[in-house]
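Understanding the architecture of this molecule
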Amino acid sequence: MPYYDSPVDGTRLHYVDHGPADGPVAVFAASAYLGHDMWEYQMLPLAEAGYRCVALDRRGHGRSDSPWSGFDLDTLADDLHGLLDHLDLREVTLVGHSIGTGEVLRCLTRHGTARVARLALVAGVSPGVVRSPGTPDGVDPEVLRADDEVFRRDRAAWFVSGVDAFFAAHLPGNEVSPEYVRHLIGLCMATGPRAAMGIRGVVAALDTVAELPAVNVPVLVVHGTNDTSAPLATTAERVARLVPDSTLKVYERGGHGLFVTHAERLTADLREFIGAGAPRDGALAGAKADA
């Protein structure tokens, strides 16, 4: 399996690289507790349509090594940019979900646009969901600290209790099989307690408000109306107002887990956005002609 060493501290990080080498490139950053596996409903059809789809298992997640340190946004962004350097990727669309949106934003604002052409922010917690100077409408930090203690005591029960809200599964059209739920929770539990608490700390400290007006590439913002993890008004709508060149797409009844419940729509929107700046002949052109 492909690995590379973090440019920060040498941590061995796992990634996947699917699709043709000459296709438009998308690099995926996953949600908290999850690795590249969460993107199966996007990466497989996109790769089959001629896109090059690369995804990183952040440190402590998936098949990457699990160090004690490095759970801060700058380090995670440097890990991600290290993958772009390692594969010498250019004209990249960075796609992030949840806290992954913070990573891709910081990757761009910290390392520039030499390799990155556009961003897609899916169900993002950016610019921040916990109260801070830049996010005064966020959750009280004391509420998050209390939730941290519940999480520490029984992570498995915490994940199970949040399933309905995560998928907005009580709403029509958002049904998810019990088998898939067990699969996803198993992936979350494979992320050890240190990495899980570390990434929760990154979410708690997230405040990218000051960075957003300087984002100088096209940005696609995708969010659900029923996302309880990242309320639409204080996350996606605010990002869309602050980023100069942004397009907001709101999915009716979508929850935080819309990468599953709205998989086909999300994949189609990503396909259009990723390919918009990188047309080419061959398989992709044929796929577009058939769409």
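Because the structure is predicted, anything quoted here is derived from the model rather than measured.

So, about the overall build of the protein. Helices and strands together make up the secondary structure of the protein, namely 12 helices and eight strands. Relative to a compact globule of 291 residues, whose C-alpha radius of gyration would be 19 Å, the protein shows 18 Å and is just as compact. Seen along its three principal axes, the alpha-carbon backbone of the protein occupies a region of about 55 × 45 × 40 Å. A total of 291 residues make up the protein; the buried ones form 56% of that total. In the protein, 77% of the contacts between residues at least 6 apart in sequence involve partners at least 24 apart. As displayed, the protein offers around 11900 Å² of accessible surface, 53% of which is attributable to carbon and sulfur atoms. In the protein, the 26 positive side-chain charges and the 38 negative ones have mean positions that sit 2 Å from each other.

Let us look at the packing of aromatic side chains. Two aromatic rings are characterised by how far apart their centres lie and by the angle between their planes. Per the stated rule, a full pass over the model turns up 12 aromatic pairs. Plain terms: the ring middles of Trp158 and Phe159 are 5.4 Å apart, the flat faces sit at 80 degrees to each other, and that makes the pair edge-to-face. Ring-pair connections join several aromatic residues into one group, and the members of that group are Tyr41, Phe166, Phe167, Tyr180 and Phe259. One Lys or Arg, Arg12, reaches over the ring of Tyr3 and ends 3.9 Å from the middle of that ring. Here the basic side chain of Arg200 rests over the ring of Phe151, its NZ or CZ set 4.4 Å away from the ring centre.

Time to look at helix α3 (residues 99–111). Here α3 spans 18 Å end to end across 13 residues, near enough to the 18 Å set by a 1.5 Å rise per residue. Burial analysis of α3 places 10 of its 13 residues in the buried class, which makes it a mostly covered element. Taken together, the buried positions of α3 are Ile99, Gly100, Thr101, Gly102, Glu103, Val104, Leu105, Arg106, Cys107 and Leu108. In this structure, the buried residues of α3 make contact with β3 (25–29), α2 (73–87), β5 (92–97), β6 (116–122) and α8 (193–205). A positive backbone phi angle near 85 degrees is found at Gly112, which sits one or two residues after α3.

Packing of helix α4 (residues 141–153) against α8 brings their axes to within 12 Å, and their N-to-C directions diverge by 165 degrees. One finds that α4 runs roughly antiparallel with respect to α8. Considering only the axes of α4 and α8, their crossing is right-handed. For the pair formed by α4 and α8, the contact residues are Leu144, Asp147, Asp148, Phe151 and Arg152 on the first element and Ala196, Met197, Arg200 and Ala204 on the second.

The biggest cluster of nonpolar side chains holds 55 residues, and the ones touching the most others in it are Phe28, Phe167 and Leu270. With sequence-adjacent residues up to four places away left out, Leu270 is seen in contact with Phe28, Gln42, Leu46, Val95, Ala120, Leu220 and Gly275. Val25, Leu105, Val217 and Val219 belong to the second largest nonpolar core, which has 32 residues in total.

Turning our eyes to something else, we now look at empty space enclosed by the protein. Evaluation of the coordinates by the stated rule reveals one cavity of 30 Å³ or more. Taken as a whole, the largest cavity holds about 50 Å³ of empty space. At the level of elements, β7 (219–224) and α9 (236–242) are the ones that each hand at least two residues to the lining of the largest cavity. Looking at the lining of the largest cavity element by element, the count peaks at three residues for β7. Its residues placed into classes, the lining of the largest cavity shows five nonpolar, four polar and no charged.

Looking at the element boundaries, Gln42 is found in helix α1 (residues 40–48). Not counting chain neighbours up to four residues away, the residues in contact with Gln42 comprise Phe28, Phe259, Ala263, Leu266, Thr267 and Leu270.

Here we come to the environment of Ala210. Within the fold, Ala210 resides in the loop between α8 and β7. Of the residues examined, Ala210 reaches a relative accessible area of 74% and is grouped as exposed. Note: C-alpha distance between Ala210 and Arg131 (79 residues apart in sequence) is 15 Å.

Here we take up the pattern of salt bridges. A complete count under the given rule lists 20 salt bridges for this structure. The closest approach of N and O atoms between Arg145 and Glu142, which form a salt bridge, is 2.5 Å. Of the two residues, Arg145 and Glu142 both sit in helix α4, three residues apart, roughly one turn of that helix. Judged by its relative accessible area of 44%, Arg145 is partly exposed. Arg200 serves as the salt-bridge partner of Asp147, at 2.8 Å between the closest nitrogen and oxygen. Note that Asp147 is positioned in helix α4 and Arg200 in helix α8, a separation of 53 residues in sequence. For Asp147, a relative accessible area of 25% gives the class partly exposed. Given the relative accessible area of 8%, Arg200 is considered buried. When salt bridges that share partners are traced, they join Asp74, Asp78, Arg106, Arg110 and Glu211 into one network.

Criteria and thresholds
Residues numbered from 1 in each chain as written. Predicted model: local features only at pLDDT ≥ 70, side-chain atom pairs only at ≥ 80, totals over all residues. Heavy atoms only, no water. Helix = DSSP H or I, 4+ residues; strand = E, 2+ residues; numbered from the N terminus. Rg over C-alpha atoms; globule rule 2.2 N^0.38 Å. Buried < 20%, exposed > 50% of the residue type's maximum accessible area, 1.4 Å probe, protein only. Contact = heavy atoms within 4.5 Å. Areas by Shrake-Rupley, 256 points an atom, 1.4 Å probe, with all protein chains shown as cover. Lys, Arg positive; Asp, Glu negative; His and termini not counted. Charge placed at Lys NZ, Arg CZ, Asp CG, Glu CD. Phe/Tyr/Trp six-rings, centres within 6.5 Å; stacked < 30°, edge-to-face > 60°. Lys NZ or Arg CZ within 6 Å of the ring centre and 35° of its normal. Expected span 1.5 Å × (residues − 1). Axes fitted to C-alpha atoms, helices over the stretch in contact; angles between N-to-C directions. Parallel < 35°, antiparallel > 145°, perpendicular 65-115°, else oblique. Left-handed = near helix turned anticlockwise from the far one by under 90°. Core = buried A, V, L, I, M, F, W, Y, C linked by side-chain atoms within 4.5 Å. 1 Å grid on protein atoms, 1.4 Å probe; cavity = no way out; pocket = protein on both sides within 12 Å on 5 of 7 lines; lining within 4 Å. Points joined across faces, edges and corners; volume = space filled by probe spheres on them. Nonpolar A, V, L, I, M, F, W, Y, C, P; charged D, E, K, R; others polar. Salt bridge = Lys/Arg side-chain N within 4 Å of Asp/Glu carboxyl O.

Everything listed here is a matter of geometry and, on its own, says nothing about what the molecule does.
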